[in-house]
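Summary of structural features
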Amino acid sequence: MEEMLFYDRMQFAFTITFHYLFPQLTMGLSLIIVYFKWKYLRTKNDQYNHATHFWMKIFALNFAMGVVTGIPMEFQFGTNWAKFSELTGGIIGQTLAMEGMFSFFLESSFLGIFLFGEKIIGHKWHFVTGLLIMIGSWASGYLIIATHSWMQNPVGYEILENGRFVLTNFKALFLNPWLWPSYLHNQAASLVTSSFVVAGIGAFYILSQKNVSFGRLFLKTGVIFGLISSIIVAVPTGDLLAKNVVKYQPVTFAAMEGIFHTEKKGSEIVLIGQPDVKDKKLDNKIAVPNILSFLTYGNWEQEIKGLDQFEEDLHPTNISGLYYAYHIMVGLGTLFIGLMVLALFQLVRGKLFETKWILWSLMFMMPFPYIANTTGWYTAELGRQPWLVYNLLRTSAGASPTVSSGNTLFTLLGFIGLYLLLGMLFLLLIGKIINKGPHNVDLNSEKI
């Protein structure tokens, strides 16, 4: 059973990690595309419209990859996690169906019009279709996060005699206190990814002396959006989400922060350290006293429960992985804010386009928001373990009992090979779009 469960979890972790590389760009990028189109309507500067078309090509390719890689995950609910689907389908099936029927179709229907219908519908309606695409993209994220939030903090349900969950309060599902902090945190993180990609490609154009006027536009836009979204990820959304974890999943918070033993007069915040789960301690730690208590409760001496206050069978099953995922996410988020502050400072001074070390840094940093988003989701999912539905349904009780570990491993290897080919094809096509660049027009870059 343990081997079967391991491969079931590995397959879902691999497929969803690869899949989320694409939606995290499209959700944030849809907002930036709408911004470019809005700027065109206001200024009539063709450069903004060409920027809209350029980024819409990248959006469309990411959207297509997201669809292709998202379908297998839906099937895994029926193959690898049939018992989970049977018991909770009456609740999570509703939000997942709404995501497919409303959000996905809204997004996909207007994508074709936005890509090919500008000359037919005109610029104002072209902007409206772009706005509808963004609404569909963000609504999709909302409904997925609603599903995730119910698994983290189940509300509005009843458990029947046969063990099945049924929804008794539809409103509670969407007023879940876990939902809005998670959703806003996720969307801001998506915008961080998109901003760094936009700024990084802008830096690439400036450094390569190719499409320089567009490079300046992309760089300025990416830096402004990037700083705003990086701050929102930390405060208030990250802060609110962390306080939710303290309130509803205190054992998870203790594992995230590496608190093995309760500290009576305030908890330190660990900057660096390696968890030794066997001996219940952190090795080689660098910590600041009492800061964690202040950030969490506003009280320097507030006690925060350590893992020693909870039964071991309630501890997250991978404390080390959870600890590192959380600290990588937080560390990268702090780095993003610092870099964007420096970039904006140079932008205000009028020296950003000539400050090569910042341009190189922005270009080099493009993959790191993807890592931060991935580790953020790992923090959420590893933190919920050993539960599928927190405190109600254990992960071991949700797996399909009739699917062998050999079958799951075989399909996992198939997914790895197929996704490797898809990833290479995607990078090739994206490289061609970037290399070709936006429509080459001679415009006054001083207007940007």
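See the structure above.
In this text, all values refer to a predicted model and were calculated from it rather than measured experimentally. (Residues numbered from 1 in each chain as written. Predicted model: local features only at pLDDT ≥ 70, side-chain atom pairs only at ≥ 80, totals over all residues. Heavy atoms only, no water.)

Overview of helix α5 (residues 118-152)
At 3.6 residues per turn, the α-helix brings residues three or four places apart onto the same side. With 35 residues, α5 extends just 43 Å between its outermost C-alpha atoms, more than 12% less than the 51 Å of an ideal straight helix rising 1.5 Å per residue. Of all bends in α5, the biggest is about 85 degrees, found at K124. (Helix = DSSP H or I, 4+ residues; strand = E, 2+ residues; numbered from the N terminus. Expected span 1.5 Å × (residues − 1). Bend = angle between axes of the 7 residues up to and from the residue.)

Let's talk about the pairing of strand β3 (residues 269-276)
The pairing of β3 with strand β4 (residues 281-288) spans 6 bridges and is classified as antiparallel. Note that in β4 the partner of V270 across the bridge is A287. Linking two consecutive strands that pair antiparallel, namely β3 and β4, is a turn of 4 residues; a positive phi of about 55 degrees is found at K280 within it. (Pairing = 2+ DSSP bridges.)

Quick notes on the packing of aromatic side chains
Evaluated as defined, the whole model comprises 37 aromatic pairs. When the ring of F63 is compared with that of F104, the centres are 5.9 Å apart and the planes differ by 10 degrees; the resulting orientation is stacked. Residue F63 is found in helix α3 (residues 46-79), and its partner F104 is found in helix α4 (residues 82-116); the two are separated by 41 residues along the sequence. A relative accessible area of 13% places F63 in the buried class. With relative accessibility at 25%, the residue F104 sits in the partly exposed group. Relative to W300, the ring of F294 lies with its centre 4.3 Å away and its plane at 15 degrees, an arrangement referred to as stacked. Relative accessible area serves as the criterion here: at 34%, F294 is assigned to the partly exposed category. Grouped by ring-pair contacts, the aromatic residues Y35, F36, W38, Y48, F54, W55, F204, Y205, F214, F218 and F225 constitute a single cluster. R394 extends its terminal NZ or CZ atom over the ring of W387, reaching a point 4.4 Å from the ring centre. (Phe/Tyr/Trp six-rings, centres within 6.5 Å; stacked < 30°, edge-to-face > 60°. Buried < 20%, exposed > 50% of the residue type's maximum accessible area, 1.4 Å probe, protein only. Lys NZ or Arg CZ within 6 Å of the ring centre and 35° of its normal.)

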